[in-house]
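Spelled out, the chains give:
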Amino acid sequence: MEEQAIFTRAEHIRDVIRYISRFKDAAVVIYLDDRIIDSPLWASHIRDISLIHEAGLRVILVPGAHKHIDKILRDNNISWERKNGFRITGDEAMPLIKTAAFDVSNIVMSSLAGEHLTAVIGNWVRARAKGVLDGTDYGCAGEIDKIDDDTIRTVLSNGFIPIFPCIGWSLSGKPYNISSMQLASQIAVHMQADKLFFLVPDAEISAEYFTLPQEIGTSPEGCIPAMNIEEVDSFLNANTSAENKTADRLLSTNKENISAHKEMTDTQDLREHILSIVRLGKTACLEGVTRVHILNSSLNGTLPCEIFSDLGSGTMIYSSNYGKLRAMERNDIAGVLTLIQPFVKKGILLPRSEEQLETQLNDYIVYELDGGIRACSALHVYDNKQAEIAAVAVDETCAHIGIGPKIMDFLISRAKQLSLDSVFVLTTQTTDWFESLGFKSDNINTLPEKRKALWSPSRGSKLLRLKLK
């Protein structure tokens, strides 16, 4: 047990070292929902941002000010409405909105100063009035026109953290209230950021709040850990067509609960907020941002967990080039041996030696993610008619993003290219999984003689076969 615990800890440390090396000097944009400021975890999140900065990542912060703007307008008896994600107010509200936005940014800056970090609040965003659309005058709401990339790079190169209030200025110096989430997304695109984070309370993409398409893998906790662009479309389609289902369910189950209406409204607001982030994340990825992460700020340590591990603690949106299948190389052997060790200990896989892997190098493929080997398998061809798919191993941290089926599809396609009649697997504990992929039980006597000689009655592996013709 102690040996396994040490192994697990060592793997975590290796991951951290690998990610620090990979993301050194990478641009990271973090959107901070201003409700986090009043959270007991605020100091912890600021400390994590400090550690990320100290690790060599170039941090850019975009604090939202939704809650603070609501309060200052209420306190001054100024009404407003929201439409299509924009706050609509008259000109009299703009000085108060600007005050609230800069107050939030100053709180962030002061908190960073407590960690001995220097931050700079700047007017680096040019904006224009949203104007009148379909008969609606959007008042002080603005659209982003231009972001001063050069100045941002100068600030970053000097080791400072730039902070962007949700205010943009026109060419004549008139301020406009702009969307912080859109601003974070646009900055990430302009800077071609490696990561864009949305740190939001209760931001959890689970079946409790959303319809989860069956083709998208979920974590043991029932949340979606990652979605590629195609899966994002499937998720959005499923939830756009079912926007009112959650509200209907809440009303039907809370008819006698006087808080039902508020719960319904809060849930609808949370759903729409997260769906808006998912849409922005998709757009950002299509425009060059490597990955977008939606994180629940109610979880302590969610930022470093998401940066310095493969799947972290939230939901990641990524383009299709995240991770790749490729042929195994000699310098992958150590990683593959480490990968299969837990499966050998559980009796799922037979042990392999370094010499065996080197001898059969051309048979193996690996799945590489951020420079680490996260899955492997091999296709051993025995004659002109059949081959064995062997050593199928997927790191448990990546078990829910469909790597296993991708590996099987790849090797089955390779077997078809070789004009083989069938492929087979020998397994003791994963029969159900292979059967779900179309494999069927077969007699051990149908094995090629060379492989049958290696079969052990004491181990009792079951033979499953997939016919290709």
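What you see is a predicted model, and the numbers here were worked out from it, not measured in a lab.

Each value, and the rule that gives it
Residues numbered from 1 in each chain as written. Predicted model: local features only at pLDDT ≥ 70, side-chain atom pairs only at ≥ 80, totals over all residues. Heavy atoms only, no water. Helix = DSSP H or I, 4+ residues; strand = E, 2+ residues; numbered from the N terminus. Expected span 1.5 Å × (residues − 1). Buried < 20%, exposed > 50% of the residue type's maximum accessible area, 1.4 Å probe, protein only. Arc of directions from axis to C-beta. Contact = heavy atoms within 4.5 Å. Phe/Tyr/Trp six-rings, centres within 6.5 Å; stacked < 30°, edge-to-face > 60°. Lys NZ or Arg CZ within 6 Å of the ring centre and 35° of its normal. Axes fitted to C-alpha atoms, helices over the stretch in contact; angles between N-to-C directions. Parallel < 35°, antiparallel > 145°, perpendicular 65-115°, else oblique. Left-handed = near helix turned anticlockwise from the far one by under 90°. Nonpolar A, V, L, I, M, F, W, Y, C, P; charged D, E, K, R; others polar. Salt bridge = Lys/Arg side-chain N within 4 Å of Asp/Glu carboxyl O.

**Student:** I would appreciate a short explanation of helix H13 (residues 403–417) in the present structure.
**Tutor:** Think of an α-helix as 3.6 residues a turn; residues three or four steps apart then line up on the same face. Counted at 1.5 Å a residue, the expected span for H13 with its 15 residues is 21 Å, and the 21 Å between its end C-alpha atoms agrees. For H13, the full list of buried residues reads Ile403, Gly404, Ile407, Met408, Leu411, Ile412 and Ala415. The buried residues of H13 occupy one face: seen down the axis, they fall within an arc of 165 degrees. Set apart from the buried face of H13 by more than 90 degrees, the exposed residues are Asp409, Lys416 and Gln417. Following H13 by one or two positions, Ser419 adopts a phi angle in the positive range, close to 60 degrees.

**Student:** What is the right way to look at the environment of Ile78 in this model?
**Tutor:** Among the secondary structure elements, Ile78 is positioned in the loop between helix H3 (66–75) and strand S3 (81–83). A residue is classified by how much of its surface remains accessible, and Ile78, at 13% relative accessible area, is buried. Taking the C-alpha atoms as reference points, Ile78 and Gly90, separated by 12 residues in sequence, lie 8.9 Å from one another. Among residues more than four places away in sequence, those in contact with Ile78 are Leu73, Glu92, Ala93 and Leu96.

**Student:** I keep staring at the packing of aromatic side chains and nothing clicks. Help me out?
**Tutor:** Two aromatic rings are characterised by how far apart their centres lie and by the angle between their planes. Tallied over the entire structure, the rule returns eight aromatic pairs. Judged by centre distance (6.1 Å) and plane angle (25 degrees), the rings of Tyr382 and Phe424 are stacked. With Tyr382 in the loop between strand S19 (372–381) and strand S20 (386–394) and Phe424 in strand S21 (residues 422–427), the pair connects residues that are 42 residues apart, well separated along the chain. Ring centres of Phe434 and Phe439 lie 5.8 Å apart, and the angle between their planes is 70 degrees; on these two criteria the pair is classed as edge-to-face. Note on accessibility: Phe434 and Phe439 belong to one class, buried. Taken together, the aromatic side chains of Trp433, Phe434 and Phe439 make up a single cluster linked through ring pairs. Directly above the ring of Tyr138 sits Lys130, whose terminal nitrogen or CZ lies 5.3 Å from the centroid.

**Student:** Would you mind showing me how to read the packing of H3 against helix H4 (residues 94–113) here?
**Tutor:** Geometrically, a packed helix pair is captured by the angle between its two axes and the distance between the axes. It is at 9 Å that the axes of H3 and H4 come closest, and there the two elements cross at 140 degrees. Our classification of the angle between H3 and H4 gives oblique. Of the two possible hands of crossing, H3 and H4 adopt the one that is right-handed. Taken together, the residues of H4 that come into contact with H3 (itself represented by His68, Ile69, Ile72 and Leu73) are Leu96, Ile97, Thr99, Ala100, Val104 and Ile107. When grouped by side-chain class, the residues that make up the contact of H3 with H4 number eight nonpolar, two polar and no charged.

**Student:** I tried to follow unusual backbone geometry on my own but got confused; where do I start?
**Tutor:** In most cases, non-glycine residues show a negative phi, while peptide bonds are predominantly trans. One non-glycine residue with positive phi stands out, namely Gln192, at about 50 degrees. Position of Gln192 among the secondary structure elements: in the loop between helix H6 (180–190) and strand S13 (195–200). Given the relative accessible area of 43%, Gln192 is considered partly exposed.

**Student:** Explain the pattern of salt bridges to me, please; I cannot follow it from the model alone.
**Tutor:** Once their charged atoms are close, side chains differing in charge can pair, the charge on each being opposite to the other. Counted by the stated rule, this structure contains 17 salt bridges. Ionic pairing is found between Arg87 and Asp70, a salt bridge with its closest N-O pair at 2.7 Å. Placement of Arg87 in strand S4 (residues 86–88) and of Asp70 in helix H3 is noted, with a sequence separation of 17 residues between them. As far as the burial class goes, Arg87 and Asp70 line up, both buried. The salt bridge partner of Glu143 is Lys130, with a shortest N-O separation of 2.7 Å.

**Student:** How should I be thinking about the packing of helix H2 (residues 42–54) against H4 in this particular structure?
**Tutor:** In contact at an axis separation of 10 Å, H2 and H4 are set at 65 degrees when each is read in the N-to-C sense. Taken together, the axis directions place H2 and H4 in an arrangement best described as roughly perpendicular. Our pair here, H2 against H4, has a crossing hand that is right-handed. Contacts between H2 and H4 involve Trp42, Ile46 and Ile49 from the first element and Ile107, Val108, Ser111 and Leu112 from the second. The residue inventory of the contact of H2 with H4, partitioned by class, reads six nonpolar, one polar and no charged.

**Student:** Where do I start with H4 in this structure?
**Tutor:** Taking 1.5 Å of rise per residue, 20 residues should cover 28 Å, and H4 covers 28 Å from first to last C-alpha, within 8% of that figure. Every buried residue of H4 is listed here: Met94, Leu96, Ile97, Ala100, Ala101, Val104, Ser105, Val108 and Leu112.

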